[in-house]
Amino acid sequence: MGNAENTGAKKPAFREKIRPSMGKAENVLATIGNILKIIGSWVYRLHKIILAVPVAVAAALVAQYNFAHLPEMVGINLQSNGQYAQMITREMAVLGPVAVTAACLLLMFCSRRTIYPWLISIFSLALPVLVLVTNTFPG
């Protein structure tokens, strides 16, 4: 019988064949892991800025839209009879919610727990939309 097993010559095992390639792959994966660690540490260091930038941009865009589409005098506190309890200028109606959002972001930068003030700043973006809706479709 001319089998390799019977003649005493053993075939190298699969692990032995790929061992040189595995060493290279381990080095590449270790390098990728180190790069991801560095990126992760920088994201953690800058997470407050990374969270604040989209909120600030959205607040600026909504304020710009409201400034273009709100009437000169804006009513707030819509009552049940369809009248507004108070009238304010367009600038106050636009800059007030922006100031609330900016204050929330400032508190986020001062806070140890970033997520709660950031979520409040997200919800504060609803204020200019609410002002726009109540002045576009009153009563």
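Below is a summary of the structure that appears in this document. Predicted, not measured: the structure shown is a model, and the values here were computed from it.

### Comments concerning empty space enclosed by the protein
Alright, step 1. As enumerated under the stated definition, the model contains one cavity of 30 Å³ or more in all.
Alright, step 2. The calculated volume of the largest cavity comes to roughly 30 Å³.
Alright, step 3. Lining of the largest cavity is provided by A59, V62, P97, V98, T101, S124, L125 and P128.
Alright, step 4. If you list the elements that add at least two residues to the lining of the largest cavity, you get α2 (47–69) and α3 (90–110).
Alright, step 5. Tallying contributions element by element places α3 first for the lining of the largest cavity, with three residues.
Alright, step 6. In terms of residue class, the lining of the largest cavity is built from six nonpolar, two polar and no charged.

### Details of the packing of aromatic side chains
Alright, step 1. Evaluated as defined, the whole model comprises zero aromatic pairs.
Alright, step 2. Stacked on the ring of W42, the Lys or Arg R45 has its end atom at 4.8 Å from the ring centre.
Alright, step 3. In this structure, R90 packs its charged tip against the face of F67, placed 5.3 Å from the ring centre.

Rules of the game
- Residues numbered from 1 in each chain as written.
- Predicted model: local features only at pLDDT ≥ 70, side-chain atom pairs only at ≥ 80, totals over all residues.
- Heavy atoms only, no water.
- 1 Å grid on protein atoms, 1.4 Å probe; cavity = no way out; pocket = protein on both sides within 12 Å on 5 of 7 lines; lining within 4 Å.
- Points joined across faces, edges and corners; volume = space filled by probe spheres on them.
- Helix = DSSP H or I, 4+ residues; strand = E, 2+ residues; numbered from the N terminus.
- Nonpolar A, V, L, I, M, F, W, Y, C, P; charged D, E, K, R; others polar.
- Phe/Tyr/Trp six-rings, centres within 6.5 Å; stacked < 30°, edge-to-face > 60°.
- Lys NZ or Arg CZ within 6 Å of the ring centre and 35° of its normal.

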